[in-house]
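Secondary and tertiary structure notes
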Amino acid sequence: MSTMEMPREISTRRRTKDRAFSIALWACVVVALVPLLLIVYRVVRLGLAAVSISLFTHTALPASFPGGGMKQAFLGTAMIVGIAVLISIPLGVLTGIYLSEYGSGRVAGVVRFTAEILLSIPSIVAGAFIWALVVVALGNFSALAAGIALTVLMWPIMARATEEVLRLVPTELREGALALGYPRWRVIVRVVLPTAGAGVFTAIMLAVARGLGETAPVLLTALGNDFVNTNPLKPTDAVPLRVYNYAQSAYPAWRALAWGGALMLLVGVLVLSVTARMLSIRQQRRMR
Amino acid sequence: MATIGAPPEVAPATPLTRRRRFGDRAFRWTTLVVSVGLVVMLALLLWVLADGGWRAIREFGLHFVIGREWNPVAGREVYGALPFIFGTFVTAIIAMVLAMPVGVGVALFLNESGSVWIKNPLAVLVDLLAAIPSVVYGLWGLYVLVPLFDHTVQPWLSASVGKVPVIGGLFQYAGPGGDLFTAGVILAIMILPIVTAVSREVVSVVSTETREGAIALGATRYETIRLGVLPTARPGIVGAGMLGLGRALGETIAVALVVGNSTNISASLFKPGYTIPAVIANEFREATSAGLHRSALLFLALLLVVIALGMATMSRFLVRRTARLVGDDVAAQEEAASSTLGMA
Amino acid sequence: MRIHRFARPAVIAAAAVTLVAAACGNTSSSSASASGGSNTGGFQGTALNGAGSTFAAPLYQLWSQSFLQKEPDAQINYQAIGSGGGIEQFTSQTVDFGASDVPLQSDEITNLPSSNYIQFPTALGAVVFAYNLQGVDSGLKLDGKTTADIFLGNITKWNDPAITSQNPGVNLPDEPIQVVHRSDESGTTSVWTSWLSAESPEWSSKVGADKAVQWPVGTGGNGNEGVAAGISQTEGAAGYLSYDFAVTAGLGIADIQAPDGSYVAPSIDSISKAGGGLKFPIQSDTNILNSSTKGAYPVASTTYVLVYTDQTDEAKAQTLVDFWTWALTDGQSQTEQINYSPLPSDFATSALKEVSKITVNGTPVSPTSSTG
């Protein structure tokens with residue numbers, strides 16, 4: 001591992017301790033990886049058995065009917081996350097711009113602090129908050145309420161990630177553009193943002209990956225639906241919600257579908273996370 | 001020097017006209033208003049929960065927090081949240097006890113490892129643990145971990161550690177089904193990535209400084225870390241722990257599926273229990289708004305968010321403190337920021 | 001104005017997905033226009049939302065699927081969140097109908113925003129003692145007191161004398177009984193604990209009867225399905241469950257002692273016999289427990305639907321009337337295939353009378369005449 005040279009006078013006891021320590025670190029790594037492998041293996045094995053085209057083309061059926069699927073859940077998640085993205089991206093990017101480009105005062109400090117601690121907000125609390133605000137106001141459960149609940153979680157992520165990425169854009173670029181006489185806002189919008197473009201996209205992917213898998217906020221705001229729903233103001237289904245319900249059911253057919261849905265969630269979230277990471281590494285390399 | 005290609009095509013520069021200044025001001029104000037909106041949202045959240053929850057706390061006062069009976073039925077309402085507070089902290093502590101050593105160990109490993117072939121894939125894998133949705137953890141926990149613990153681990157622990165006086169009482173096998181211990185283990189797996197990531201950032205900032213000194217003094221790697229890195233990094237590692245603790249306290253779905261949903265408080269960790277997020281998830285949709293049930297749940301939500309945000313604040317302070325101890329303020333802020341972000 | 005390169009594709013993608021969702025959804029949209037079902041040009045129905053009892057969920061979901069043949073646009077979305085949830089959502093008017101296994105209690109009635117509502121039974125079912133014990137099939141005999149003692153934690157082992165004395169010849173192991181109960185507010189719980197309270201003074205004073213109680217022992221499951229799952233996953237587990245869930249999960253089902261001393265196994269027949277005890281109008285304490293009819297299962301129950309009579313949406317009101325009228329007539333023949341019992345015919349008639357009270361903007365709604 002390290003290339004540290006050891007002086008020859010190290011006693012056996014000290015060397016043994018060092019060796020034991022290395023082994024302990026390796027053990028930690030193994031312990032950390034075992035659950036990941038177990039989970040992925042189990043979800044893939046049981047999920048693949050349940051994944052067929054009918055998972056996506058059939059809607060939910062009572063357990064006594066064969067051939068049910070989760071079509072309404074996939075479409076519902078798309079609508080809910082779509083709403084959350086439409087709201088949280090502009091909000092998050094604008095906040096990130098503020099923190100990065102204008103962010104040296106006390107106000108910015110408070111905003112930055114808020115964004116950072118909001119990263120740790122329990123998702124059930126976001127659900128309860130939006131229930132009290134939106135569900136009560138509208139008079140029924142809805143995809144819109146669920147989307148707003150996800151926004152509560154995704155906005156801080158977008159804000160902090162955008163700030164990070166914008167900060168990486170070299171100041172020389174800004175100064176150069178300003179020296180050429182462009183107004184400040186144009187510099188930001190036309191020079192800084194495009195340069196950081198891939199990074200912002202990465203931020204969006206991270207936020208979406210988070211929103212995709214959240215069950216608790218959707219549980220309290222969307223009610224769930226056995227049918228496809230296209231009206232954002234009506235109860236809607238979502239994949240994590242459907243998996244949560246089916247997981248607790250007593251019917252093997254529904255439980256199998258739960259594993260299928262879990263696998264799709266896993267795939268979706270992993271693809272987004274890995275892509276985001278790869279894009280971010282490339283982006284950082286461009287910047288440095 | 002970054003290569004960005006040709007600058008984008010824009011109109012030729014114009015003198016500092018009033019229109020331009022207006023454009024600048026309008027843009028700046030827009031971003032400012034939106035950003036302040038984030039703070040307003042947090043304030044609104046706290047207010048909405050407090051507004052919804054104050055009726056319950058007014059009715060029950062301190063008894064809400066120390067009472068053990070939770071009965072939501074109309075006409076006989078009693079709300080004592082101690083079982084949930086107890087369960088939340090017990091599962092979080094179990095998670096911390098298991099995740100902290102492993103997380104810091106992995107962080108040290110990642111930091112010490114010179115080989116890119118091991119370090120990068122390992123870091124990616126640990127991050128993947130963070131990406132797994134809670135419901136997937138719950139599903140796996142319910143059908144794999146619970147039976148495994150019920151049939152193998154818990155009976156064995158009960159027969160061995162369970163016989164030890166005093167602490168043995170914690171490990172009395174109580175039969176199959178969900179329990180606090182299983183919930184704690186699932187939580188440990190779930191908070192491991194965040195503990196690792198933050199610890200890693202902290203340790204990397206510290207160790208470059210102390211390493212060279214230690215090498216000069218002839219220390220082994222173990223000694224360097226134990227005597228040089230860890231003491232300086234300790235505030236930051238505690239901060240990593242607090243962030244992990246905050247996450248463990250707020251985790252809902254995975255816990256709801258494996259914790260056993262029982263409002264009894266008992267000594268054994270292998271008995272079913274309940275946590276604040278789990279009871280909110282289970283009871284929220286049936287809670288009446290006319291009685292005090294909904295109010296009680298909203299107050300619990302307020303309690304939960306205050307604790308979680310408090311942990312996050314402390315963590316932020318501690319992580320930055322470590323970096324500042326090392327002497328680099330700007331780097332401190334950046335490290336702290338990117339580490340918490342990496343876990344988003 | 002170009003904001004940033006990658007946000008636009010993301011926004012377009014999100015919009016595209018939503019449009020695709022809308023397009024897919026339009027093939028089964030909730031508009032009342034004719035979309036060509038087996039219903040030739042008549043009222044096509046509209047989407048409804050209902051929530052509540054998990055006990056009734058399999059039945060309502062089956063009915064909902066079947067009713068699509070009659071009115072193809074009548075997508076009746078029923079979410080099983082427990083009787084307590086059904087009553088709450090009905091009270092806050094976030095659903096079109098609520099479902100509960102227990103009639104509204106006086107406090108709940110006072111909380112309703114309107115006194116213009118109907119409450120009618122839809123089918124009969126039963127709560128059974130279900131267990132997962134290797135080598136012991138269905139038919140374990142239990143009386144009320146023994147059952148109460150199990151749930152009190154007084155009896156902890158399967159081979160307890162109280163159980164073995166009622167079951168000579170059955171090989172009961174020396175294993176602990178893992179009790180499973182509900183963790184949500186449940187009508188099933190209310191029925192079960194009402195019966196336990198009637199059978200055991202100790203239960204009545206220590207725990208009582210209600211939709212949620214402080215369980216002395218056991219783990220909690222969400223909904224009937226959660227309890228079924230909990231019992232079927234654990235050897236030696238037992239709990240109370242609605243009859244159809246116990247049969248579907250393949251669990252052992254106990255014979256319960258009736259007031260006359262005989263042990264009655266739950267079946268569609270023995271449940272139907274208990275239905276004779278149902279009395280109209282529905283009161284807070286209406287129940288069909290411990291029926292005096294010979295051969296009736298003691299822990300039978302019915303399940304209720306709650307609807308406001310002063311509706312304002314024509315399509316919804318019509319769909320409500322059509323659906324529940326169908327459910328109380330043709331739908332009753334489907335109950336047995338999933339282990340529920342139909343309502344005695346005179347009660348179905350009384351229930352239909354309640355449904356006829358539904359009005360829209362003051363005008364009573366009559367069911368669409370069947371076209372096939």
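Residues numbered from 1 in each chain as written. Chains lettered and ligands numbered in written order. Predicted model: local features only at pLDDT ≥ 70, side-chain atom pairs only at ≥ 80, totals over all residues. Heavy atoms only, no water.

Some thoughts on the overall build of chain B
Note the cut-off: The way it works is that DSSP assigns letters per residue, a run of H or I at least four long becomes a helix, a run of E at least two long becomes a strand, and they are numbered from the N terminus. Throughout this description, buried means an accessible area under 20% of the type-specific maximum (1.4 Å probe, protein chains only), exposed means over 50%, and partly exposed covers the range between. Here, residues are in contact when the closest pair of their heavy atoms is within 4.5 Å.
When you go through chain B residue by residue, the secondary structure sums to 11 helices and two strands. The helix and strand sequence of chain B, counted from the amino end, reads α-α-β-β-α-α-α-α-α-α-α-α-α. Counting every position in chain B, which comprises 344 residues, the buried fraction comes to 59%. Within chain B, contacts between residues separated by at least 24 positions form 74% of all contacts whose residues are at least 6 apart in sequence.

Notes on the interface of chain B and chain C
Inclusion rule: The quantity reported as buried area is the accessible area (1.4 Å probe) lost by two parts once they are put together, taken as the sum for both. Salt bridges, as used here, are contacts in which a Lys or Arg side-chain nitrogen is within 4 Å of a carboxyl oxygen on Asp or Glu. Side-chain atoms alone can form a polar contact between residues adjacent in sequence; in general such a contact is a pair of N or O atoms within 3.5 Å, and within protein one must be able to donate a hydrogen while the other accepts it.
Contacts between chain B and chain C engage 33 residues on the former and 28 residues on the latter. Of the roughly 2200 Å² buried between chain B and chain C on both sides combined, carbon and sulfur atoms contribute 42%. Its largest share of buried area at the contact with chain C, chain B owes to B:Pro176, B:Arg285 and B:Glu286, together 26% of the area lost on that side. Scanning the region where chain B abuts chain C turns up one salt bridge. For C:Glu88, the salt bridge is made with B:Arg294, and the minimal N-O distance between the two is 3.2 Å. For the pair chain B and chain C, the number of links is 10 residue pairs in polar contact (both at pLDDT 80 or more). Put simply, the parts of the chain that give the side of chain B that touches chain C at least two residues each are strand E1 (70–71), helix H5 (134–160), helix H9 (276–283) and helix H10 (293–326) of chain B.

Side note on the nonpolar core
Selection rule: Put simply, a nonpolar core is a bunch of buried Ala, Val, Leu, Ile, Met, Phe, Trp, Tyr and Cys residues held in one set by side-chain atoms that sit within 4.5 Å of each other.
In this structure, B:Phe64, B:Trp70, B:Leu300, C:Phe129, C:Leu241 and C:Trp324 are the most contacted members of the largest nonpolar core, which totals 310 residues. The element best represented in this core is helix H6 (residues 180–217) of chain B, accounting for 17 residues. Those residues within four positions of B:Phe64 in sequence are excluded, and the remaining contacts are B:Ala56, B:Ile57, B:Trp70, B:Tyr79, B:Gly80, B:Ala81, B:Leu82, B:Ala296, B:Phe299 and B:Leu300. Judged by nonpolar contacts, the second largest core, of six residues, contains C:Leu104, C:Leu112, C:Leu306 and C:Tyr308.

A few points about the pattern of salt bridges
Using the criterion set out here, one finds 23 salt bridges over all chains in the structure. Note that B:Arg320 is salt-bridged to A:Glu116, the shortest N-O span being 3.4 Å. Residue B:Arg320 is found in helix H10, and its partner A:Glu116 is found in helix H4 (residues 106–118); the two belong to separate chains. When sorted by exposure, B:Arg320 lands in the same class as A:Glu116, which is buried. What emerges from the salt-bridge pattern is a single network uniting A:Arg112, A:Glu116, A:Arg160, A:Glu163, A:Arg167, B:Arg316 and B:Arg320.

Re the packing of helix H12 (residues 314–328) of chain C against helix H13 (residues 345–355) of chain C
All names here are of chain C. To keep it simple, the criterion reads: A fitted line through C-alpha atoms represents every axis, and for helices the fit uses only the stretch in contact; the resulting angles, taken between N-to-C directions, go from 0 to 180 degrees. Just so you know how the angles are binned, under 35 degrees is roughly parallel, over 145 roughly antiparallel, 65 to 115 roughly perpendicular, and the rest oblique. Each residue gets one label: Ala, Val, Leu, Ile, Met, Phe, Trp, Tyr, Cys and Pro are nonpolar, Asp, Glu, Lys and Arg are charged, and the others, such as Gly, are polar.
Where H12 meets H13, the axes come as close as 10 Å, and the angle between the chain directions of the two elements is 175 degrees. Taken as axis vectors, H12 and H13 run roughly antiparallel relative to one another. Contacts from Val321, Trp324, Thr325 and Leu328 in H12 reach Ala348, Ala351, Leu352 and Val355 in H13. Class assignment of the residues belonging to the contact of H12 with H13 gives a composition of seven nonpolar, one polar and no charged.

Notes on the packing of helix H1 (residues 12–50) of chain A against helix H7 (residues 221–250) of chain B
Between two packed helices, what matters for the description is the angle formed by their axes and the separation of those axes. Here H1(A) crosses H7(B) at 80 degrees, and the two axes come no closer than 8 Å. By the angle class used here, H1(A) and H7(B) are roughly perpendicular. Here A:Arg14, A:Lys17, A:Asp18, A:Phe21 and A:Ser22 of H1(A) come into contact with H7(B), specifically with B:Arg221, B:Tyr222, B:Glu223 and B:Ile225. Taken together, the residues of the contact of H1(A) with H7(B) break down into three nonpolar, one polar and five charged.

Focus on the sheet that holds strand E14 (residues 359–360) of chain C
Residues and elements named next belong to chain C. What counts is decided by this rule: Paired strands, in this sense, are two strands between which DSSP finds at least two bridges.
The three strands lie next to each other as E13-E14-E15, forming an open sheet whose pairing is mixed. Sheet topology places strand E13 (310–311) and strand E15 (363–364) at the edges, where each strand pairs with a single neighbour. Sheet analysis places E14 next to E15, joined by two bridges and oriented antiparallel. The residue bridging Thr359 from the neighbouring strand is Pro364, located in E15.

What about the environment of B:Ser266?
Residue and element names in this part refer to chain B. Within the secondary structure layout, Ser266 lies in the loop between helix H8 (253–258) and H9. A residue is classified by how much of its surface remains accessible, and Ser266, at 22% relative accessible area, is partly exposed. Remark: the alpha-carbon pair of Ser266 and Gly23, spanning 243 residues in sequence, is separated by 65 Å. Not counting residues within four places of it along the chain, the set of residues in contact with Ser266 comprises Phe86 and Lys271.

What to know about the confidence of the model for chain B
Heads up, the rule is: pLDDT measures how confident the predictor is about each residue, on a scale from 0 to 100.
Taken as a whole, chain B shows an average pLDDT of 85; of its residues, 89% reach a score of 70 or greater. Across the interfaces of the predicted complex, the ipTM metric reaches 0.91, alongside a pTM of 0.87.

Some points on the pairing of strand E6 (residues 178–182) of chain C
Residue and element names in this part refer to chain C. For E6, a buried count of five out of five residues is recorded, marking the element as mostly surrounded by other parts of the structure. Pairing between E6 and strand E7 (residues 219–221): three bridges, direction parallel. Of the residues in E7, the one forming a bridge with Val180 is Thr219.

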